[in-house]
Structures are given as C-alpha cells and as structure tokens.
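Okay, here's what each chain looks like letter by letter:
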Amino acid sequence: MPFAIADADTTARALKILEHYTKGAKAWVEDTEDAWTKATLVQRTQDDQLGICRVVFVRDDSGTSTTAKLVAQTSPPKPPPVDLPEGAAKTAANRTSVRAASPDELRRIAARGSRLTGGRISSMERVAESYIIDVVFSELVEPNADTELLPPLCNPPILDCTPDLTTLSYLHEPAVVYNLKRRYEQKQIYTYSGVVLVAMNPFHPVSLYSPEYMARYAKAQSAANDPHLFAIAENAYKGMVNDQRNQTIIVYGESGSGKTTSAKYIMRYFAQAHHAGTDDEQMSTVESQILATNPVFESFGNAKTTRNDNSSRFGKFLDIKFERDHQKIVGGRIRTFLLERSRVVYQPPTERNYHIFYQLLAGASNELRTNISINGEYASWRAFHYTRQGGEDSGIIAGVNDAEDFALTDASLEMVGIDGGQRNDIWRTLAGILHLGNVVFSGTESVGSYVDASSEAQFATAAGLLGVGEAKLRQWLTKRQIVTRHDHILAKVNKTQALVIRDSIAKFIYSRLFDWILGPINASLLPTEVDESLTSFVGVLDIYGFEHFEHNSFEQFCINYANEKLQQNFNHHVFKLEQEEYKREQLHNWTFIGFQDNQPCIDLIEGKPIGILALLDEECRLEQGSDRTFTEKLFRQFDSTVAGPSNKRSNSSSDKQAADISSYFRKPRFSNTAFTVRHYAHDVMYEGDGFLEKNKDTVPDEILELLCSSEFDFVANLANANTRLPSGHHQKQPSRDQG
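This write-up is about the structure you can find in this document.

Glancing now at the pairing of strand β4 (residues 123-127). Relative to strand β5 (residues 130-136), β4 runs antiparallel, the two sharing five bridges. In the sheet register, E125 faces β5, and the bridge partner there is I132. Between β4 and β5, which pair antiparallel in sequence order, lie two residues; one of them, A128, sits at a positive phi of approximately 55°.

So, in structure tokens, the structure goes:
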C-alpha cells in the first residue's frame, strides 16, 4: 500500500495540526466502560520526509508508570512499506525515529474494521493501558481527518466547570460531557452553550425556583448570574420588549430529562417575576389561569412510563401575550398536538394510563362515585382493564397522592372556566370509557362475535354512561356494514376485530375530550376585549423527548420524527447560522465546527413521493395492505441488501442523494417485520406490527353516527363531525395522530 513522500506544503499543514500534540499533552481516548477517559502523551516521533508520525498515549488511570517505556520498546523500527527512490529508501532504512505499519499489520487493521481506518494507512492500536497512533501526513490534512485520526485534546484545568461551553478551548463530545459531568457533581445543573441552556435532571427537588431567585434574574444582565431557566426566560422577555419581536423558547430533550417541569417553571417566571418589588404583587386572573393549565394538562396528557413518572404524552405550545405598552400579561393561547391515543387502551408493563383516570378513581366523592358507577367493586384502578395493564402496583406512583391531585385538577378546571356541570360531564365520560374497556367478546368464525355474558353488566353501564342505545352499540361492536352499489350488507366480525372497534371508540372519545378542554381554556385565557394586534408574545414549546425503548412502535416513530425536526432547528441556529456570522465577520482565530446534518434522515421519513410516511399512507389505501407488506416495501426501497436490480444506484446526483437517505435505514438481521432508523440521537428499531392500524385509527361510520345521536349531549357534541374543533387545536392529518 504505497504512499508518496510528503511535499513541503503537506508537511507544514500536518505539523500545524500536530503542534499541540507534545509530550505531556492530555487527550481523550475512547473507553468501552466510561465512553471517554483521559490519557497523557508520553512519546512522539516522526519522519518529516516520509510524512509519518507516531504518538503514544498512556491512560491517566493506569497504575503502571513504566507502561509508556515498555510500549516504546515493544517493536524495533522497520522500513516503511512504501515504494521509494533508491536514495530515499537507503536514507529511510537508516532512520529509527518512527516505525510505520508493515503490510501484514495494515491487513490486520483493515480486517478488524478499526474506526480510524477505511482504506487508510494511519491507525491506532491499544497495547495494555497505552495507545499507539501512527498518522500519515497526507491523510491527516484531509478535510476533518484530524478528528478521526487523532484523539481530541483536553481543555486546560482552568476551564473545568465553565458555565458556558462556548468558552472551551476545545469543543468536542468528550469536552462537553466532561464539563457537564463536573458541573453536575457540584450540583450545577444548568450550563450555557451560547444561547442554548443545557439542563441536567437532578431527579430530586432543588431550591432554585423561589421568589428570591426570580427577583435575582428579573431585569438582571445574563452574565451577572449563573446559568438558569429564569435567565433564558428573562432574555426572551427582554428580546420581546427591547426588540419588539415575538420570542419562542423550545424545551426539548430525552424522555425523562425534565422538560415538563422546566416548561412549568418558565411559565411561572413570566407570571410572577416582574411583580417582585412593585405595588402590584398579586397575579392577575389571566396569570393565575395560565398557571392553572399546568395541572389540567398534566392530568389529562401525562402518564407514568418506564423512564418518567410524569411523562408528557402530547405536545403543547403556549403563547403568553403581553401588552406592548406596559408589558403586562393580558392573555394566552394553547395549541396541542400528537396526543398518544393508544395509551388510553394499552399500557406496557409497569406503566400507567393517563393520570386523570387514577385521580378520578382515588378522589371522587361518594355521590359522584354513585352517579357514574365507580363505587363498590369498581372503586379501584385494579377493577378496570384500561388502568391495570401495567401489572401489579403499576397504578401507584411513589410520593404521589392521586386523591389530592384530583382535588387540584378539579379546582384548576374551575379556574380556567370549566363549570361544575361541565366537570361532571367530563367525569361521566371518563367513567364510560373505563367501563367500555371491561367489555369482552366471545364467538367463533361461523357465528361471529358477541358480548360475553360475563361483561353484560359492564356493557349496559358503559352504554348508559355514554348515552347510547344498548342494541345499536351491541350491533356495531359485533357487525360491520359493507356498502355496495345497490345494497348495504351486514358482515360478522371476529373477537379480535370487535376489540379493535371497542378500543377505537375509547380512543376517539378521549382524544375529542382532550381537544374539547382547550375550548374553555383558551376562551378564558384570551378574553374578547383583548386586541391581539396590540400585543406581543413569548411562546413556550414543550414536546415529547426522544424515545428509545426495548419495544418501539408507531408512537415512538412519531415522537422521534418530531424530535428530528427540532434537532434540525437546533443545528440551523446553533451551528449553521452562528458560523455563517463568524464568516461574515471574518474571524481568524476560529475553526469550523462540524455537525451532523440530519436532513437525510428527515427525507427518509417524510420524503415524497417515496418516504416512510408516504409508503405507509399508500399501504393504508390498499385493500390488501398489511404491516408485513409495508415493511417489505420499505426493505425494497431503502435497504441495499434486499434491493433488486431496479434499485441499484448509478452515479447521478439524485441517486447519490437516494443512497445518502438509504444509509439512515437498515433491516434488522433477525426480523422481517421490523426496521431500524439511524436517528440523530440513537439507532432505533421499530416493530412494524400495528403501524397500519394506528396510522388509520378510524372509528366506523356507524359508531360515529351512534355517538353523534347520543342522549348524553356532552358525548354527542364531542362526536359530532360538524362541530368545529376548539380554538387552539392543531388539526392533524389522520395518519399523523398517534395510535
């Protein structure tokens, strides 16, 4: 594997890159247990004529001080495996400053698939606690090659625990992780990265959000205080006031990272901070109502998951409206999207349904229990299929009192304009959903399905609570109508199909109830007398975190797709726009920071006419479409190992783009019904089973008509297809609503 002698320009550029790699320099080396660990450079030898350098690092956690010496003596120098002029070969043979890899070693490196190779001569080899790195100058000067061939250098100790990551001399993954870790160990959970605040969940209460803290950050300069949520909120407020521009704070991260709590404190800051030290220390009604929306949406939209006892299972955007002249809060508007509807009817092991079901069952008064039939044997969450699927004790959250939370939710609903009669309608509707979930079916293929005798009482209770006739409900749970050109035919459905219809009713009613709640809330948050043209706003976006579980389905796919879009926004503002500004200012002491553009992954998901979502919608329109044929279509389109001759790529730019997109897709080795997407945060394997059903997620027309004619006006209004959705509800395409 020959390489040319380095020319003067190449040597100069390579030595410039290597100038900080001197004896005693600290660098980060990868570690299987700790991800990264520190190491010290103990030896550097090079041959400028041949254009090759060797550096030897020893781990700082090594217990043997002589390791470096032993490593340096392990192999005598050998002639480099290159074709050189006779004179140069003689000169090289007499040199002992560095040993280049032999042909056998190069083959061994290539065979083991070292991350530092890929047709390269440069290599890294670990020997005990040491790392031997051979670097060829011509390869080192290739674009971004230095980050691949050399270990990233450590920052000087004086920069340990810096409050702003952008002040680090070396900004790379191990430097960021190390700095965040050191700050976290010192109970500093907030760190800036320019205009971005990185928050580390402490997983226990901290005293950082008192009125005294609010007063400290209100009207203060950012640099005057430590990094904090309140500083971000204050900067947004100042930007709105001083620049006369609307602002938005995006709160996003991994599931369980503390997004919901962070958004809640930001809202509290806007409602309370600027009252401190003024004659008007009492919050206005609108400000109190804005804060009251938190327990409402946490009850109806949050649930216990394997990672988080209070995980948001929907997205929410709140814009808080300020009067331009006096900067007082005069209103607000909330938009919601991507409610996880499948949670209403199914919860994985150890998880819960939405909090409101458990709160209702724990906190309802005796009178209310009697009125909505959740008394006696049906007084506990363990009595209902829709609340007990998580397993034994899954309905209990340590440190949470569901009865007290029910009282808080009830009071908060009243605060945001939902009166007592409407609240009773809500409780009745929720009870109807719970009893409907206890209806089971029996039957055979020849006879069809029918309501099992053991659940007849539950069936009657559910029908009564939802205000629909038992006969009609029974008919459309166990039959389906086929419309032909000349006739309507009733067809039998099997037990599994009957359960699907039952669950679709529960999901439909709950999602419409969730949407309905927005109406009174937004009506109270934005009084009619408020002239929006005379207001500015600060928006707060709180969305699902990136999710990667043992089993991932359509819900996680939608969540991670949304996070890909947010990550793209982050890359655009933090890396792309910021560095374009550096270029315009012609900064000389700045090196371009590379970042992974996730546009190919987004194209893989949303591309038209060929993308995962487009292919999913296409499969849903086919009469014989199934989850299996959907995943097979994905394999043919995106996976090179199964693509046929028609999928072979040419050298055109469009085919190159298609190849880039396909690199973000992979077929698992041991599954024909799952697929893997290479997301910005992690590779996630999605199980294709259920994708089509959740993407359609429709209620049969006959069931919808039955609910629209309900004698219970509240349910009839929820179901009426002509009823305009409440102001603030973000209308979604049916295929994008979760499950």
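The discussion continues.
Throughout the structure, instances matching the rule amount to 31 salt bridges. In this structure, the salt-bridge partner of E129 is R59, at a minimum N-O distance of 3.2 Å. One end of the pair, E129, is in the loop between β4 and β5; the other, R59, is in strand β3 (residues 52-59), with 70 residues separating them in the sequence. Here R126 and E129 are joined by a salt bridge, their closest N and O atoms 3.7 Å apart. Since its relative accessible area comes to 41%, R126 is described here as partly exposed. Classification of E129 by relative accessible area gives partly exposed; the value is 27%. Through salt bridges with shared partners, one network takes in D31, R59, D61, R126 and E129.

Further remarks concern the sheet that holds strand β18 (residues 665-666). Hydrogen bonds between backbone atoms are what pair the strands of a sheet, whose relative direction is either parallel or antiparallel. As summarised here, the arrangement of the three strands in space is β18-β19-β20, forming an open sheet in which the pairing is antiparallel. Of all the strands in the sheet, the pair left with one neighbour each is β18 and β20 (683-687). Where β18 and strand β19 (residues 674-678) come together, two bridges link them in antiparallel fashion. Residue pairing across strands places R666 opposite T676, the latter belonging to β19. Here helix α23 (residues 627-638) sits on the sheet and contacts β18 and β19; the angle it forms with β19, its principal contact strand, is near 45°.

This paragraph deals with the nonpolar core. By size, the foremost hydrophobic cluster in this structure holds 108 residues, and its most contacted members are F270, F300, W427, L430 and Y510. With 14 residues, helix α19 (residues 495-525) is the single largest residue contributor to this core. Leaving out residues up to four positions away in the same chain, Y510 has contacts with F300, L339, V344, Y354, I356, F357, L430 and I433.

Reading the values: the criteria
- Residues numbered from 1 in each chain as written.
- Predicted model: local features only at pLDDT ≥ 70, side-chain atom pairs only at ≥ 80, totals over all residues.
- Heavy atoms only, no water.
- Pairing = 2+ DSSP bridges.
- Helix = DSSP H or I, 4+ residues; strand = E, 2+ residues; numbered from the N terminus.
- Salt bridge = Lys/Arg side-chain N within 4 Å of Asp/Glu carboxyl O.
- Buried < 20%, exposed > 50% of the residue type's maximum accessible area, 1.4 Å probe, protein only.
- Contact = heavy atoms within 4.5 Å.
- Axes fitted to C-alpha atoms, helices over the stretch in contact; angles between N-to-C directions.
- Core = buried A, V, L, I, M, F, W, Y, C linked by side-chain atoms within 4.5 Å.

Shape is all these values report; function is a separate question.
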